[in-house]
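Here's the letter readout for the chains.
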Amino acid sequence: MKEIKVGDSCFTGDFVVIAGPCAIESEDQLRQTVQAIRKNTDILRAGAYKPRTSPDSFQGLKEEGLKILKKVATEFDIPTVTEILDPRDLEVVLDHTDMLQIGSRNMANFELLKEVGKTDKPILFKRGFGATIDEWIASSKYILSGRNDKIIFCERGIRTFETKMRFTLDLAGAIYLKQNYDFPVIIDPSHATGNPKLIPPLVKATKAAGLDGVMVEVHINPSEAKVDADQALTPDEFNLLFV
Ligand code: PEP
Ligand code: MN
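Here the structure is a predicted model, which is why all the values come from computation and not from measurement. (Residues numbered from 1 in each chain as written. Chains lettered and ligands numbered in written order. Predicted model: local features only at pLDDT ≥ 70, side-chain atom pairs only at ≥ 80, totals over all residues. Heavy atoms only, no water.)

A. Representation of the site of ligand 1. Inspection of the region around ligand 1 gives 13 residues, with R45, S104, R105, K126 and R156 positioned closest. Here an oxygen atom of ligand 1 and a side-chain polar atom of Q101 are 2.9 Å apart. In this structure, R156 approaches ligand 1 through a side-chain N or O atom, which is 2.6 Å from an oxygen atom. Considered on its own, ligand 1 offers 300 Å² of accessible surface; in the complex 97% of this is hidden by protein. The class makeup of the residues in the shell around ligand 1 is two nonpolar, four polar and seven charged. (Near = heavy atom within 4 Å. Polar contact = N/O pair within 3.5 Å; in protein donor to acceptor, adjacent residues only side chain to side chain. Areas by Shrake-Rupley, 256 points an atom, 1.4 Å probe, with all protein chains shown as cover. Nonpolar A, V, L, I, M, F, W, Y, C, P; charged D, E, K, R; others polar.)

B. Representation of the packing of aromatic side chains within the structure. Summed over all chains, the structure comprises eight aromatic pairs. Seen from their ring centres, F110 and Y142 are 4.3 Å apart, and the 20° between their planes marks the pair as stacked. Highlighted residues: F110 in helix α4 (residues 110–116) and Y142 in helix α5 (residues 133–145), separated in sequence by 32 residues. Relative to F153, the ring of W136 lies with its centre 5.2 Å away and its plane at 70°, an arrangement referred to as edge-to-face. With W136 in helix α5 and F153 in strand β8 (residues 151–155), this pair connects stretches of sequence that are 17 residues apart. Using a relative accessible area of 0% as the deciding quantity, one classes W136 as buried. Over the ring of F167 we find R156, and its NZ or CZ is 4.2 Å from the ring centre. Between the NZ or CZ atom of K226 and the centre of the ring of F58, over which it lies, the distance is 4.8 Å. (Phe/Tyr/Trp six-rings, centres within 6.5 Å; stacked < 30°, edge-to-face > 60°. Helix = DSSP H or I, 4+ residues; strand = E, 2+ residues; numbered from the N terminus. Buried < 20%, exposed > 50% of the residue type's maximum accessible area, 1.4 Å probe, protein only. Lys NZ or Arg CZ within 6 Å of the ring centre and 35° of its normal.)

C. Inspection of the coordination of the manganese ion (ligand 2) at higher detail. At the metal site, the manganese ion (ligand 2) is ligated by C22 (SG), H191 (NE2), E217 (OE) and D228 (OD), and these contacts range over 2.0 to 2.3 Å. Donor residues for the manganese ion (ligand 2) sit on one chain with the sequence pattern C-x168-H-x25-E-x10-D. Of this pair, C22 sits in the loop between β3 (16–20) and α1 (27–37) while D228 sits in the loop between β10 (213–217) and α9 (235–240); the two residues are 206 residues apart in sequence, bridging distant segments of the chain. For the pair C22 and D228, one class covers both residues: buried. (Donors = N, O, S within 2.8 Å, 3.2 Å for Na, K, Ca; no water.)

D. Region of the structure containing the side chain of H96. In this structure, H96 sits in helix α3 (residues 90–96). Its relative accessible area of 15% is what places H96 among the buried residues. Among the polar contacts listed, one links the side chain of H96 to the backbone oxygen of V92, at a separation of 2.7 Å. The contact partners of H96, leaving out residues within four places of it in the chain, are L66, K67, L69, K70 and T80. (Contact = heavy atoms within 4.5 Å.)

E. Expanded view of the nonpolar core. Within the largest apolar cluster, 41 residues are counted, with the highest numbers of intra-cluster contacts made by L30, V116, F125 and F153. A total of six residues in this core trace back to one element, the largest contributor, which is helix α2 (residues 62–76). Not counting residues up to four positions away in its chain, the partners in contact with L30 are P21, I24, L44, A46, I68, L69 and V72. Of all hydrophobic cores here, the second largest spans 13 residues; its members include V16, V81, I152 and I186. (Core = buried A, V, L, I, M, F, W, Y, C linked by side-chain atoms within 4.5 Å.)

F. Local environment of the pattern of salt bridges. Per the stated rule, a full pass over the model turns up 14 salt bridges. The salt bridge involving E75 is made with R31; its shortest N-O contact spans 2.8 Å. Placement of the pair is E75 in helix α2 and R31 in helix α1, with a sequence separation of 44 residues. A network of salt bridges, in which partner residues are shared, links E27, D28, R31, K71 and E75. (Salt bridge = Lys/Arg side-chain N within 4 Å of Asp/Glu carboxyl O.)

On their own, these measurements won't tell you what the molecule is for.
As structure tokens, this is what we get:
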């Protein structure tokens with residue numbers, strides 16, 4: 001398997017921990033969060049462009065958010081991943097992050113995939129919540145067609161008849177993908193469950209399954225979070241995952 005490195009971590013070999021708030025809300029919010037989680041975090045996640053179900057919800061700080069992300073990441077010497085929604089933002093996003101995230105809602109946005117495929121940044125490629133594994137693999141070929149083969153697959157839950165959780169985590173599917181396709185696979189238990197209590201055991205399960213890492217949402221003050229408040233861990237809860 002090809003070596004995919006982001007900062008000091010290597011997705012082919014290490015168990016990579018990606019953590020941070022769902023959205024960048026302010027410089028203080030991001031700095032306080034990073035300060036509290038830095039010691040256990042390999043890559044900082046935080047969204048500047050948020051793909052919200054309703055256009056009336058907070059859409060992210062956009063370019064201002066990207067600037068905050070880069071500033072705070074430089075202060076703490078931590079690499080970053082952030083979501084790109086629109087090929088028109090590619091240039092500015094590339095200038096401000098180390099890794100591009102393709103979100104669940106854009107897994108089959110083929111024009112976007114072709115554009116990120118022309119870059120040399122690693123791609124965190126989330127599964128569409130209504131997509132089969134074969135569809136996910138087929139979509140990844142649009143990224144590969146641009147000659148970018150630094151793809152990290154992220155299982156983040158799919159829609160099923162089950163309503164207890166926000167989505168249904170397809171852990172077996174993630175393991176199947178890892179066994180049958182030559183790319184790293186990580187798990188996002190935050191979006192998969194929407195439930196902070198389920199995150200610690202699922203991080204353990206991800207490690208036990210031999211997968212390549214996790215992505216977890218952490219907020220300095222979850223009840224005040226502008227996006228995904230119900231699922232964010234506090235920094236203390238997050239740090240407890242590593243004792
Ligand atoms: C996110 O990571 O903040 C996000 C929007 O995730 P997803 O695309 O999996 O819903
Ligand atoms: Mn989120």
